[in-house]
Amino acid sequence: MKEAAEHDTVLDTGAEQLGKTYARALIGAAQSAGIADKIIDQLGVVVDQYIAGSPQLRAAFASPRLDENEKVRVIDRIFGEEFDPLLVKFLKVMAGRGRLAHVNAVRSAADAIHDEMLGRLVATVQTAVPLDDALRAKIEEQIGSIMQKQVRLSESVDPDLIGGMVIRVGDRVFDSSVSNRLDTMARRTRSGFSSQLLHRFGEFTSE
Amino acid sequence: MKFSSDEIASVLQQEIEQFDSKIDVREVGTVLEVGDGIARVYGLSGVMAGEMVEFPNGAIGLAFNLEENSVGVIILGDYLTIEEGNEVKALGTLLSVPSGDAVVGRVLDPLGNPLDGKGPVQTDTTRPVEIIATGVAERQPVTEPMQTGIKAIDAMTPIGRGQRELVIGDRKTGKTAIGIDTIINQKGKGVKCFYVAIGQKDSSVAGIIDALERYGAMEYTTVVVAGASTPAPLQYVAPYAGTAMAEHFMFNGGHALVVYDDLSKQATAYRQMSLLMRRPPGREAYPGDVFYCHSRLLERSAKLSEALGGGSITSLPIIETLEGEVSAYIPTNVISITDGQIYLQPDLFFAGIRPAMNAGISVSRVGGAAQVKAMKKVAGGLRLDLAAFRALEAFAQLGTDLDAATQSQLDRGYRMVELLKQPQYQPMSVTDQVLSLYAGTRGFIDDVPVKAVQQWEIDFQQFARDKYSDLITLLNEEQDLTDEVVEKIEACIAEFKSGYKPVESEM
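Since this is a predicted model, take the numbers as computed values, not measurements.

Novice: Any details on the sheet that holds strand S16 (residues 340-344) of chain B? Residues and values, ideally.
Specialist: Residues and elements named next belong to chain B. Spatially, S9-S13-S12-S14-S15-S11-S16-S17 is the arrangement adopted by the eight strands of the open sheet, whose pairing is mixed. Bordering the open sheet on either side are strand S9 (107-108) and strand S17 (363-364), each of which pairs with just one other strand. Across seven bridges, strand S12 (residues 191-198) lies against strand S14 (residues 255-261) in parallel orientation. Bridge pairing in S14 links Ala197 to Asp261. Against the sheet, helix H4 (residues 202-214) makes contact with S9, S12 and strand S13 (221-226), and its axis sits at roughly 175 degrees relative to S13, the strand it touches most. Across the sheet, helix H5 (residues 232-251) touches S12, S13, S14 and strand S15 (312-320), and the angle it forms with S12 is around 175 degrees.

In structure tokens:
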């Protein structure tokens, strides 16, 4: 349920900063070669499939005990043929600077920067029941027209909401869920009632 | 008594019908780490400094540090059930506390939640905890006296309404007693009192509340408690919360007295928070803005101009020193902020001189403007005389022979010191003080043995009340030493002395 709320890469704000810097460099290089989309996709594959799938590889990347040459050899062997030379070179540069442990951070920063450059924005949508295509299209269109941007939805289902939906864009949450409305109503009624109680206590009681 | 459920149900129905459900738009963040009353939150990119945020467990936080990638939040409440990954919601408002008549007579925590088991504070009025103090144009000079009921203070370091007078001294020198006596003395004077206990033992706070109740002072007093076991952020906001409650009365033309007991503990709490937030430590590891922390608090005590109703907040901040070290960081800061200080010394305290005020270095920068005329006349040179007496006393200990004039000055001094002693919880009205001090400063008790002075004073007061009640009423009306008053006082003293044999108390 809380998938959308978790930021797995930002626990270390230093790494986030670093990721942003490297990502900007990578995207800059990729754009001048005209292959930005491809590079971003491939970086995603590196992170999601290779690094996430192999703890040994992750450990090797993060380890300070393997020296630079060793890491470069590993990169060549694993990624050398399948991936674009630019990405491989980038990974080698990161290896040379001892930053290979932060590939994850670079990936999420690169995604964000790329989205921003294309005028795209990610909206997380939480609903009580899964969205159907018609609704999805409607939400995308609505948010897109308000924000003047192309919208990419990331969906999750949370039955606790009872109904309605919670849309999150950046740090802003638009909450029209039934559970939240019930909570607010309860709170308002409680405070409203206690202030009524304060002003007209006599009417509520009789001797 | 019977509750009419129909009426209640109809009100509830009304409330529900009036509820219009707009989409709730909020700014959120995610807890990265939490501990010791602070949390670091990712997100909340639009939050402003000092803005309230809410955690899922209902605890309120304040945005304290705005950093590039995260926001440092101080948690005013239970931080033990907050977890990493929790969603934090910005509330878009500043912290405020309940105010008005509903808080009077209550014991509250710094957020206005009741601690006295008397149910929630029933009020619709709230005031923001942090406001910028009133400016120059909104104020007027301090001239109206704020009687503490303590002879030594009212005579030598008078406090006016709107003044900030620091009470400073080592532990166990009677600092709190001065605050409590002052509160007790405000009975029937229309001054609302606020006692802000910061970082103190809950047992001693309970003792103070008990004393206030016994002397009927809780009727007009609010106690704001952030005890030693409450998290540092609550201790930090407690004085601001107390001041906010007092401001309600000031801005409505009333008068308030706030006792901050004590600000050194608040500074310590602020230091803890700042260090946990990784703000750079400065002198004594306090953050650089600890001066501002106290100055913006004490600036809020003011005497408002007549256009604004002429209300006032008088504050008595208390600072505890270590081994009499007034040149430590926090004491010097607060001394420089306040309009004078009452310095309490352990050696005087243990010599039985209570209140243990050192007359030489205690000052009030408002001075005689905040005294009634009668008091100004009787107490005029008292402070300097006492200081001269202290110097002379040290000299006399050398055992040299003294001429008659010096000896008489010494004798007067011993008796004045004796006369200025005053037991706890027995504040005196200003007329009583004038009578006693008149007798003392004009030499009417020079022939009373030193050890008998205190008893003499008690009996004299009783005599004046019994036989010369017209004098007391007259003095109360005039508040000045007119010829008629002087004549009557002297007659009173003469008559009393003619029929009184001093009894030496056993000390």
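Picking up where we left off.
Novice: Got a sec to walk through the domain arrangement of chain A? Specific residues and values, please.
Specialist: The domain architecture assigned to chain A consists of domain 1 (2-115) and domain 2 (119-199). Taking only C-alpha atoms into account, the centre of domain 1 of chain A sits 34 Å from that of domain 2 of chain A.

Novice: Can you lay out the packing of helix H1 (residues 13-33) of chain A against helix H5 (residues 85-96) of chain A for me, pointing to particular residues and giving the numbers?
Specialist: All names here are of chain A. Two elements in contact, H1 and H5, have axes whose closest approach is 11 Å; the angle formed by their N-to-C orientations is 155 degrees. With respect to H5, the axis of H1 lies roughly antiparallel. Note that H1 runs across H5; the crossing there is right-handed. Counted together, Tyr22, Leu26, Ala29, Ala30 and Ala33 of H1 and Leu86, Phe90 and Met94 of H5 form the full contact between these two elements. Of the residues assigned to the contact of H1 with H5, the class counts are eight nonpolar, no polar and no charged.

Novice: Account for the interface of chain A and chain B, naming residues and giving values.
Specialist: Every contact between the two is made by 32 residues of chain A and, on the other side, 32 residues of chain B. Contributions of two or more residues to the side of chain A that touches chain B are made by H1, strand S4 (172-175), helix H8 (178-199), helix H9 (201-204) and strand S5 (205-206) of chain A. When the residues that make up the side of chain A that touches chain B are grouped by side-chain class, the tally is nine nonpolar, 13 polar and 10 charged. Relative to strand S2 (residues 24-35) of chain B, S4 of chain A runs antiparallel, the two sharing four bridges. Directly across from Asp175 of chain A, in S2 of chain B, lies its bridge partner Asp24 of chain B.

Novice: Outline the pairing of S12 of chain B, listing residues and values.
Specialist: Along any regular strand, the residues point their side chains to alternate faces of the sheet. All names here are of chain B. Burial analysis of S12 places eight of its eight residues in the buried class, which makes it a mostly covered element. A two-sided burial pattern is seen for S12, the buried positions comprising Val191, Cys193, Tyr195 and Ala197 on one face and Lys192, Phe194, Val196 and Ile198 on the other. Of the strand pairs in this sheet, S12 and S13 are connected by six bridges, and their pairing is parallel. Note that in S13 the partner of Val196 across the bridge is Val224. Between the parallel elements S12 and S13, the chain passes through H4 in a crossover that is right-handed.

Novice: Please give an account of the domain arrangement of chain B that cites residues and values.
Specialist: Residue and element names in this part refer to chain B. Segmenting chain B into domains produces domain 1 (28-94), domain 2 (98-371) and domain 3 (377-498). With 13 residues of domain 1 at the contact, the number on the domain 2 side is 11 residues. Secondary structure elements with two or more residues in the side of domain 1 that touches domain 2: strand S5 (60-66) and strand S6 (70-76). Ranked by residue count, the leading element in the side of domain 1 that touches domain 2 is S6, at four residues. Per-class residue counts for the side of domain 1 that touches domain 2 are eight nonpolar, four polar and one charged.

The rules behind each value
Residues numbered from 1 in each chain as written. Chains lettered and ligands numbered in written order. Predicted model: local features only at pLDDT ≥ 70, side-chain atom pairs only at ≥ 80, totals over all residues. Pairing = 2+ DSSP bridges. Helix = DSSP H or I, 4+ residues; strand = E, 2+ residues; numbered from the N terminus. Contact = placed C-beta atoms within 7 Å. Axes fitted to C-alpha atoms, helices over the stretch in contact; angles between N-to-C directions. Domains from an automatic or database assignment. Parallel < 35°, antiparallel > 145°, perpendicular 65-115°, else oblique. Left-handed = near helix turned anticlockwise from the far one by under 90°. Nonpolar A, V, L, I, M, F, W, Y, C, P; charged D, E, K, R; others polar. Buried ≥ 20, exposed ≤ 12 C-beta atoms within 10 Å, placed from the backbone. Right-handed = clockwise from strand over helix to strand, strands pointing away.

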